[in-house]
Amino acid sequence: MESVLKIEHMSKKFDDLIVLEDINLSIDKGEVVVIVGSSGCGKSTLLRCINGLEDIDEGQVLLDGETVNPGNRNLTKSREKIGMVFQSYDLFPHKTILENAILAPMKVQKRSRKDAVEEAMRLLDRVGLAERKDSYPRQLSGGQKQRVAIVRALMMDPEVLLFDEVTAALDPEMVREVLDVILDLAKQKRTMLIVTHEMSFAKAIADRILFLDDGRIIEDSDPKEFFTSPATERAKRFLRTFEYEK
Ligand SMILES: Nc1ncnc2c1ncn2[C@@H]1O[C@H](COP(=O)(O)OP(=O)(O)OP(=O)(O)O)[C@@H](O)[C@H]1O
Ligand SMILES: [Mg+2]
């Protein structure tokens, strides 16, 4: 298998607090890796360090063999290849759905408007929102906004997609429609790194589960194995928090 993303000995501190410690990871093309772990264990920081939103203290992140973190301004081209979708959609409120989708490709990638519109319409259609192209974000539901945010990330033709709890702010019915879009991306063999608290979704979509605890990857397992017989006591305890008993 061909490795796309590599993290070598990455550590990250916020002042004296060690948030990530000696993270080593290699992700293959087309692989879907799900990251789980308790609140505060470093999941968001890990994704933010991968796409260069945070500086790192040690180690490096490589995309296609090229260092993207630590980085400098010349590396924006490589960083564009890492797309990220957050819990908050961050759409421009005064721009329509279509304008939101085509803005970065036209500005950053200098694609023609005609080209960008064509591609945006194809992608909006794929997530069931083509007819909403002239709506503004405030006119859409949370689930619809999140699907637009995914389209916007896809417009940059990223090599790796990072998702940070993209359904955490949504009502249950809307969670499904967003997760279905991500499942569709997995079928298209997109390379993805997904942070989620939706365990049944994680089980369904993951090729690999990473269990993060206190800034370290303490399990890197096959999903079946992880959910039926996790290797560590810590993961067992974590998984029990998703079970209810009367
Ligand atoms: N900008 C920051 N400055 C200082 N500390 C931070 C900063 N961002 C995160 N932290 C700390 O780093 C640790 C990891 O935070 P992170 O947001 O990565 O956790 P998480 O696993 O994503 O948690 P959650 O599941 O709640 O989203 C936490 O202790 C947090 O308080
Ligand atoms: Mg987080």
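The structure presented is a predicted model; accordingly, all values stated were derived computationally and were not measured.

It is worth spelling out the nonpolar core at this point. The biggest cluster of nonpolar side chains holds 50 residues, and the ones touching the most others in it are Ile150, Phe163, Ile182, Met192, Ile194 and Ile205. Sorting elements by how many residues they give to this core places helix H6 (residues 172-187) first, with eight residues. What Ile182 contacts, discounting residues up to four positions off in sequence, is Ile150, Phe163, Val166, Met192, Ile194, Phe201 and Ile205. Within the second largest apolar cluster, 28 residues are counted, among which are Ile23, Leu46, Ile56 and Met84.

Judged by pairing direction, the sheet is antiparallel, and its four strands sit side by side in the order E2-E1-E4-E5 without closing on themselves. Only two strands of the sheet have a single partner each, and these edge strands are strand E2 (17-28) and strand E5 (66-69). With direction set aside, neighbouring strand axes in the sheet form an average angle of 30°. Note that strand E4 (residues 58-63) and E5 share three bridges and pair antiparallel. When the sheet's bridge partners are listed, Leu62 is paired in E5 with Thr67. Where helix H1 (residues 43-50) meets the sheet, its contacts fall on strand E1 (3-14), E2, E4 and E5, and the angle it forms with E1 comes to roughly 120°.

Right, let's talk about the site of ligand 1 for a bit. Of all residues adjacent to ligand 1, which total 13 residues, the nearest are Ser39, Gly40, Lys43, Ser44 and Thr45. Lys43 is positioned with one of its side-chain polar atoms (N or O) 2.7 Å from an oxygen atom of ligand 1. Interatomic distance of 3.4 Å between a side-chain N/O atom of Glu165 and an oxygen atom of ligand 1. Contributing elements (two or more residues each) for the shell around ligand 1: E2 and H1. The element best represented in the shell around ligand 1 is H1, accounting for three residues. For the shell around ligand 1, the per-class residue count stands at four nonpolar, seven polar and two charged.

The next thing to look at is unusual backbone geometry. Note that the residue after Asn69, namely Pro70, is joined by a cis bond; omega there is 0°. Its place among the elements puts Pro70 in the loop between E5 and helix H2 (76-79). Positive phi, close to 50°, is recorded for Asp214, a residue that is not glycine. Judged by its relative accessible area of 62%, Asp214 falls in the exposed class.

Attention now goes to the sheet that holds strand E10 (residues 216-221). If you trace the six strands from one edge of the open sheet to the other, you get E6-E7-E8-E3-E9-E10, paired in mixed fashion. Taken across any chain shown, the strands that pair with only one partner, and hence form the sheet edges, are strand E6 (82-85) and E10. Neighbour-to-neighbour, the strand axes of the sheet open up by a mean angle of 20°, direction not taken into account. Across the sheet, helix H5 (residues 142-155) lies against E6 and strand E7 (160-164), angled at about 170° from E6, the strand it touches most. In the packing of H6 onto the sheet, contacts are made with strand E3 (32-36), E7 and strand E8 (191-195), and the angle to E8 comes to roughly 150°.

Moving on: the pattern of salt bridges. Tallying each qualifying case throughout the model produces 15 salt bridges. In this structure, Arg176 and Asp180 form a salt bridge, with 3.1 Å as the shortest nitrogen-oxygen distance. Residue Arg176 and its partner Asp180 are located together in helix H6, separated by four residues, close to a single helical turn. Classification of Asp180 by relative accessible area gives partly exposed; the value is 33%. One salt bridge in this structure joins Asp213 and Arg234, with 3.1 Å as the shortest N-O distance.

This part is about the environment of Leu162. Relative to the elements of secondary structure, Leu162 occurs in strand E7. The spacing of Leu162 and Leu53 is 109 residues in sequence and 12 Å in space, taken between C-alpha atoms. When sequence neighbours within four positions are dropped, the list of residues in contact with Leu162 reads Leu47, Ile50, Asn51, Ile82, Gly83, Met84, Val85 and Leu193.

Within the secondary structure, Ile97 sits in helix H3 (residues 97-107). Sequence separation between Ile97 and Arg132 is 35 residues; the distance between their C-alpha atoms is 7.2 Å. In this structure Ile97 touches Leu124, Arg132, Lys133, Ser135, Tyr136, Pro137, Leu140 and Val148, once residues within four positions along its chain are discounted.

The rules we used
Residues numbered from 1 in each chain as written. Chains lettered and ligands numbered in written order. Predicted model: local features only at pLDDT ≥ 70, side-chain atom pairs only at ≥ 80, totals over all residues. Heavy atoms only, no water. Core = buried A, V, L, I, M, F, W, Y, C linked by side-chain atoms within 4.5 Å. Buried < 20%, exposed > 50% of the residue type's maximum accessible area, 1.4 Å probe, protein only. Helix = DSSP H or I, 4+ residues; strand = E, 2+ residues; numbered from the N terminus. Contact = heavy atoms within 4.5 Å. Pairing = 2+ DSSP bridges. Axes fitted to C-alpha atoms, helices over the stretch in contact; angles between N-to-C directions. Near = heavy atom within 4 Å. Polar contact = N/O pair within 3.5 Å; in protein donor to acceptor, adjacent residues only side chain to side chain. Nonpolar A, V, L, I, M, F, W, Y, C, P; charged D, E, K, R; others polar. Salt bridge = Lys/Arg side-chain N within 4 Å of Asp/Glu carboxyl O.

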